[in-house]
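# Summary of the model geometry
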Amino acid sequence: MVVGASLHAQVPLTEVNLFGDDFPSAEVRRVPAKEPAPPAAPAPDQQTLLFHHGRQLRGELEQLTKDEVVWRRKDASDVLRFPRAEVRRVVLGSVDPMTNPFGMNVEYAAAKGVAMPLLATVKLPGSDWLRGALTSADGDSFSLAMKGGTPLTLARGQVEWLHFDAKPAPVSGLGVGPLALEGWLTGGTPRIESKDGTLTLHGALWIGRALAAPQRFEVAFEVPAEGEDDLRLWLQPFTPRPNSYGTGTIQFVFGRQKLKWLVYHDSTKPTEVALPAETQAETGPVRYRVLYDGPEQRVILLRNGRELGKFSLKPKLEKAGANQLRTPRGFCFDRESRNEKTPLQFRQLSVRPWDGALPETTAAGSANQDRLSAPELPGVAGRLEKVRETELVFGGKTVPLGPDTFVQFPQTPTELAEAEALLSFGEQGEVSLAELQIGDGKVRGRSVFAPALELATGSLQAIAFAPREMAPPAGDLLVFKNGDELSGALVSATTGRPLRWRLASGSEIEFQTDRIAGVRLTSSAQAPLAGMVELRSGERLRGATVAFDEQQVRWQHPLLGELILNRNALWRLYPTAGKSPRDGGQEPERWLRDMAKAKRMMNYSRVRSQSDVWLALDGRFILRPSENSSGEQTLGPACELSADLDRFELRLGFASPSHNPGTLHLGLVAPDGGGVSINLSSYYIYLYVRKSKSGMEQINRELTIRDKIGESARMLNLRAFVNRPAGTIDLFLNGHYLGRIGQTAAERVPGIGRSITMDIYSSSRAPVLFSEVSITPWSGELPRFGVDAPMTVLANGDVATGAPAALRDGRWHLESEIGPLDLPAEKVQAVEFGGEMQPVSAAGRVRLVDGSALLVTGFAWKDGALTAQHATLGELRIPGHAVSELIYDPAPARPPMLVDPKNVARKGNDAPEILLP
């Protein structure tokens, strides 16, 4: 981060209740323009254990052996032990590759007179590097002192180069084997193939890393002959990501026949240059050197040692007083065509400082010598003999040690091929290790530069193991309010007392319940289709109406038996099994099943699948953050509706504790393949219509919504009223009416909504969630502010005012505005009793396998069965196989939002005027 910059406050995600509705507000604060205090050690339960199957668990690392990870949580009665083979990553400190990872802006600090220590970045074999205070008495052995640790001894033969400065040098590279991409950002989830010295990155649309804003640096890489064409390099003055242009963005597109280049100032159109004939005739692997020269405002490109050009960074028209040069803070590679069938391939890739010397200026015969350069010192060949605190001795001469001093050694040491983990120390470096173990505050293992390496854990930020495919373990799932998950089996649970949990290893642990959201239980019970009654409290009961009068309802529940409900507690009744509501709490695994791509409205060719991506509990779908956090499209919940559901309301909450939840891609598809795509973010809404015969037709409709929903846009509540016969959709957002899709015949899609998909694009590491997802039969009448009268919806789509007075002999009796009605039971689709919902708080919520949800004052799970206390139904005894979820301290149901439309014009037919432009 840049000192003095305006930042969004970081949300303490470890304490955010993802199963509540009160996320911290998005505050903007000013960072003090002074030297920051050293970061405090992470508090317990702010370290994170990430598993290969995508789940995570916060806590504190106790020990790491060759076989297991020992983990401790504040709310657990004992340590938790996990097989090491199940663990993908251990995050011990703050690691954020999407921002500047190098701390304070050195130039700003210098302007304010803040002294920054001069430290050495030491490049070691492969992708390893370390940073600290460096000394050497003879130039053959180096002593490196890192923060909070015993100095390390490094042999000359294991060092590739040294760079002295107040900030880390630009240093990164591809490793070998399955750990090759650790520390890199990637577009997609790559699979690495290593063969004959070439790394093939299957599934990686792009790879990139942050830079420490160097004035001069070099990107060197080698690609196989078949991997050169269409390869594109971006150097960017902001975080690395392709297809993002800012003033000073540099772009090269490589190829054997031609080269494209661009320095962005006013246009994104690149310049194309044909390569010389001798270059086109070359065969075999291709080596590139991209030399960034900030002081001279140019970039020099070399191919196989031959200079292809010097490209100016200056704009054609310079603006007076403007800063025309923006130093790159990130770089990335992708393919210009974004062709997924042609993966990225590299034989070598490294980034390092550059001293400004061109190859032709390097003295002949110096290839086997060290090389020293500094801002005031041209590159000289010789031998490094000593390194002291303020000076070094090179070639028999004493040289003051100042910023941007660079020493290159002639050797390129071999990396550790059998490394099993990569350790990150933040701005102090990265080290590959074999035989890794952690305990007693020490990291021990074998590195390429030390057969028995020992480091203090105080500055260790992350441990990464090689990725591997692993399915989540079967069994119950314990879910915490912050989204943590723990597989195992529920032993016992009683409101007000600790929960007892059995791990896969067989050990039993007690957990305090104040941080527990609930438990998803394994059950094979099947529930038949049934009607549903919804209470004003938000509770839902499946079953059938036995008797109905003006005082009460006798309701037959397939699991609980006959229940007596007061009529004034009813909010909506859906007596027909095939047309009752569906919500996210009912069979969430069906909502998350993969659908054919042809039935989705995503506009992207590559997305994260649903497998192991979503956490589902209590009607919420929470997107687990992507491991690389680089921004991806993700397939979300989806469902297919019956053909006879002509009109329905889709309701969902879309939220994130981050300042921006991302973009929701809502697709409503017709049986013939046509449909509507609604792209919604906190800032805008875009609409697309696809007609089955004419293909995708983009409707030029865009609405900026901040003026309607305000600045507090972390939570978006969407209501979409779908009229399938007419092919229209009416939208409400946070209670505001936005308008109707399908105002003209050309924009209508009859049959729309046979299937519904909810997909997400998010570039945040914060969770994104859907809450209260539901699909409810709709009367065809749009809701109006202040009007909520009782009505009865008939099976043919007609609506009668008022609610039935009684059900006798299988017939509904209703007093309507056209007189008394006597209707067969199958003719009534829904009854809305009018008035408002009356959400209540409760100690727990019990969800059953049939989709029923009950609020209870207490529950007890013991010996595989549940006993619960209900405020009006009394004590309930429920067999364990009928229970799908137990929820602690549930969030009250959220009533549908509706805002007074005083300024909304109305047409003659009393339909709301379209507000979409």
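As the structure is a prediction and not an experimental result, all values here were calculated from the model.

The rules behind each value
Residues numbered from 1 in each chain as written. Predicted model: local features only at pLDDT ≥ 70, side-chain atom pairs only at ≥ 80, totals over all residues. Heavy atoms only, no water. 1 Å grid on protein atoms, 1.4 Å probe; cavity = no way out; pocket = protein on both sides within 12 Å on 5 of 7 lines; lining within 4 Å. Points joined across faces, edges and corners; volume = space filled by probe spheres on them. Helix = DSSP H or I, 4+ residues; strand = E, 2+ residues; numbered from the N terminus. Nonpolar A, V, L, I, M, F, W, Y, C, P; charged D, E, K, R; others polar. Buried < 20%, exposed > 50% of the residue type's maximum accessible area, 1.4 Å probe, protein only. Pairing = 2+ DSSP bridges. pLDDT = per-residue confidence, 0-100. Contact = heavy atoms within 4.5 Å. Polar contact = N/O pair within 3.5 Å; in protein donor to acceptor, adjacent residues only side chain to side chain. Core = buried A, V, L, I, M, F, W, Y, C linked by side-chain atoms within 4.5 Å. Salt bridge = Lys/Arg side-chain N within 4 Å of Asp/Glu carboxyl O.

Tallied over the full model, the rule gives 9 cavities of 30 Å³ or more. There is about 390 Å³ of room inside the largest cavity. The wall of the largest cavity is formed by 23 residues, among which Gly538, Arg540, Glu772, Arg847 and Ala893 lie closest to the centre. Elements represented by at least two residues in the lining of the largest cavity include exactly β64 (768–777) and β71 (844–848). For the lining of the largest cavity, the residue count by class is 7 nonpolar, 6 polar and 10 charged. Taken together, 14 residues line the second largest cavity, and the ones lying closest to its centre are Arg651, Asn717, Arg894, Pro896 and Met897. Looking at the lining of the second largest cavity, the elements with two or more residues in it are β55 (647–655), β60 (715–723) and β64. Broken down by class, the residue content of the lining of the second largest cavity amounts to 6 nonpolar, 4 polar and 4 charged.

What follows covers the pairing of strand β63 (residues 755–762). Counted residue by residue, β63 has 7 buried out of 8 residues, so it is predominantly covered. Two strands pair when backbone bridges link them, and strand β53 (residues 632–634) and β63 are joined in this way by 3 bridges, in the antiparallel orientation. Paired with Glu632 across the strands is Ser762, a residue of β63. Both strand β54 (residues 638–640) and β63 contribute to a ladder of 3 bridges, which runs antiparallel. In the strand pairing of β63, Cys639 is matched with Ile756.

It is worth spelling out the side chain of Thr663 at this point. Within the secondary structure, Thr663 sits in strand β56 (residues 663–669). Taking relative accessible area as the criterion, Thr663 reaches 12% and is therefore assigned buried.

With that settled, the discussion passes to the confidence of the model for the protein. On average, residues of the protein carry a pLDDT of 85, and 86% of them reach 70 or more. In the model, residues 903–917 has pLDDT below 50 throughout and makes 31 contacts with residues more than four positions away in sequence or in other chains.

Before going further, it helps to spend a moment on the side chain of Glu885. Tracing the backbone shows Glu885 in strand β76 (residues 883–888). Within the structure, the side chain of Glu885 is placed 2.8 Å from the backbone nitrogen of Asp618, a separation counted as a polar contact. Those residues in contact with Glu885, other than ones at most four positions away along the chain, are Val519, Arg520, Ala616, Leu617, Asp618, Arg845, Val846 and Arg847.

Of all hydrophobic cores here, the largest spans 97 residues; its most connected members are Leu162, Leu436, Ile463, Leu486 and Phe511. The dominant element in this core, judged by the number of residues it contributes, is strand β36 (residues 429–439), at 4 residues. Those residues in contact with Leu436, other than ones at most four positions away along the chain, are Leu64, Thr65, Arg84, Glu420, Ala421, Leu423, Val443, Arg444, Gly445, Ile463 and Phe465. Residues Leu641, Ile705, Leu716 and Ile741 belong to the second largest nonpolar core, which totals 44 residues.

Applying the stated criterion across every chain yields a total of 57 salt bridges. Where Arg73 meets Asp75, a salt bridge forms, and the shortest distance between an N and an O atom there is 3.0 Å. Each member of the pair, Arg73 as well as Asp75, carries the same accessibility label: buried. The structure contains a network of salt bridges with shared partners spanning Arg520, Glu534, Arg540, Asp583, Glu589, Asp618, Arg845, Arg847 and Glu885.

Although it is not a glycine, Asp618 adopts a positive phi angle of roughly 50°. By the element assignment, Asp618 lies in the loop between β51 (614–617) and β52 (620–623). Asp618 gets classed as buried once you look at its relative accessible area, which sits at 10%.

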